[in-house]
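# Residue-level structure breakdown
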Amino acid sequence: MTRFLTALWLLLLLAGPAMAGDERRAGEIQRQAKEALANGDQDEALRLAQRAISLEAGPSTWLAQQIRVEILERRGDLVQSMRHLREYLDIDGLFPEHLAWGKEAKARIGKKLSALEQEQTTRRSIGIALAAGGAVPIGLGVGWLGNYGDKTAAGNDP
């Protein structure tokens, strides 16, 4: 039992600095993501932000999470942006200004999603109307051709 407790104690002693190392690396990577975004390289900024978040998904990577949400929003991937934003807002330990940013972003992205859904509904309605509108002339044309064929077969050329 003593060996087990000693081994557990050593494991915890060594794990502490390793976990702190991940947080430090995540912090450095998110700073690189911010720099890439400032330089206009959205692809690199998104890659770095996601890397930082994979190392530490807590409040210490708030900046990387904001970068990810904003880039996805800019690219028009509103569903993924909103999904990551909800994850961001669920993090315990965010500062009030980070929560305020998240609530503002949620309202903004939510409006864009609603407008997109409305546009898609309108397009579907127009498509259905066009399909139905096309069916009527086709039906009349087929009926006319059928009637014409019956009359010519009987020797009654109209």
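Residues numbered from 1 in each chain as written. Predicted model: local features only at pLDDT ≥ 70, side-chain atom pairs only at ≥ 80, totals over all residues. Heavy atoms only, no water.

### Describing helix α3 (residues 62-74)
The terminal C-alpha atoms of α3, which comprises 13 residues, lie 18 Å apart, in line with the 18 Å expected from a rise of 1.5 Å per residue. Of all 13 residues making up α3, ten are buried, and the element is well covered by its neighbours. All buried positions along α3 are accounted for by Leu63, Ala64, Gln65, Gln66, Ile67, Arg68, Val69, Ile71, Leu72 and Glu73. Remark: Gly76 follows α3 within two positions and exhibits a positive phi of approximately 90°. (Helix = DSSP H or I, 4+ residues; strand = E, 2+ residues; numbered from the N terminus. Expected span 1.5 Å × (residues − 1). Buried < 20%, exposed > 50% of the residue type's maximum accessible area, 1.4 Å probe, protein only.)

### Structural notes on the environment of Ala49
Following the sequence through the fold, Ala49 ends up in helix α2 (residues 42-55). A residue is classified by how much of its surface remains accessible, and Ala49, at 0% relative accessible area, is buried. Separated by 16 residues in the primary sequence, Ala49 and Gln65 have C-alpha atoms spaced 6.7 Å apart. With residues near it in sequence (within four places) discarded, Ala49 still touches Ala33, Ala64, Ile67 and Arg68. (Contact = heavy atoms within 4.5 Å.)

### Focus: α2
Here α2 spans 20 Å end to end across 14 residues, near enough to the 20 Å set by a 1.5 Å rise per residue. Those residues of α2 not exposed but buried are Ala45, Leu46, Leu48, Ala49, Ala52, Ile53 and Leu55.

### Considering the pattern of salt bridges
Per the stated rule, a full pass over the model turns up eight salt bridges. Two residues, Lys112 and Glu73, come together in a salt bridge whose shortest N-O distance is 2.7 Å. With a gap of 39 residues between them, Lys112 in helix α5 (residues 96-153) and Glu73 in helix α3 connect regions that are remote in the sequence. (Salt bridge = Lys/Arg side-chain N within 4 Å of Asp/Glu carboxyl O.)

### With respect to the side chain of Thr61
Tracing the sequence through the fold places Thr61 in the loop between α2 and α3. Looking at Thr61, its side chain comes within polar contact range of the side chain of Gln65, at 3.0 Å. (Polar contact = N/O pair within 3.5 Å; in protein donor to acceptor, adjacent residues only side chain to side chain.)

### Some words on the packing of α3 against helix α4 (residues 78-89)
Where α3 meets α4, the axes come as close as 8 Å, and the angle between the chain directions of the two elements is 160°. Compared by their axis directions, α3 and α4 come out roughly antiparallel. Classified by chirality, the crossing of α4 by α3 is left-handed. Residue-level contacts link Trp62, Gln65, Gln66, Arg68, Val69, Leu72 and Glu73 of α3 to Leu78, Gln80, Ser81, His84, Leu85, Glu87 and Tyr88 of α4. Classifying every residue of the contact of α3 with α4 gives six nonpolar, five polar and three charged. (Axes fitted to C-alpha atoms, helices over the stretch in contact; angles between N-to-C directions. Parallel < 35°, antiparallel > 145°, perpendicular 65-115°, else oblique. Left-handed = near helix turned anticlockwise from the far one by under 90°. Nonpolar A, V, L, I, M, F, W, Y, C, P; charged D, E, K, R; others polar.)

### With respect to the nonpolar core
Counting 17 residues, the largest nonpolar core has Ala45, Ile67 and Ile71 as its most contacted members. Put simply, the parts of the chain that give this core at least two residues each are α1 (2-38), α2 and α3. Broken down by element, this core gets its largest block of residues, seven residues, from α2. In this structure, Val69, Tyr88, Ile91 and Ala105 belong to the second largest nonpolar core, which totals eleven residues. (Core = buried A, V, L, I, M, F, W, Y, C linked by side-chain atoms within 4.5 Å.)

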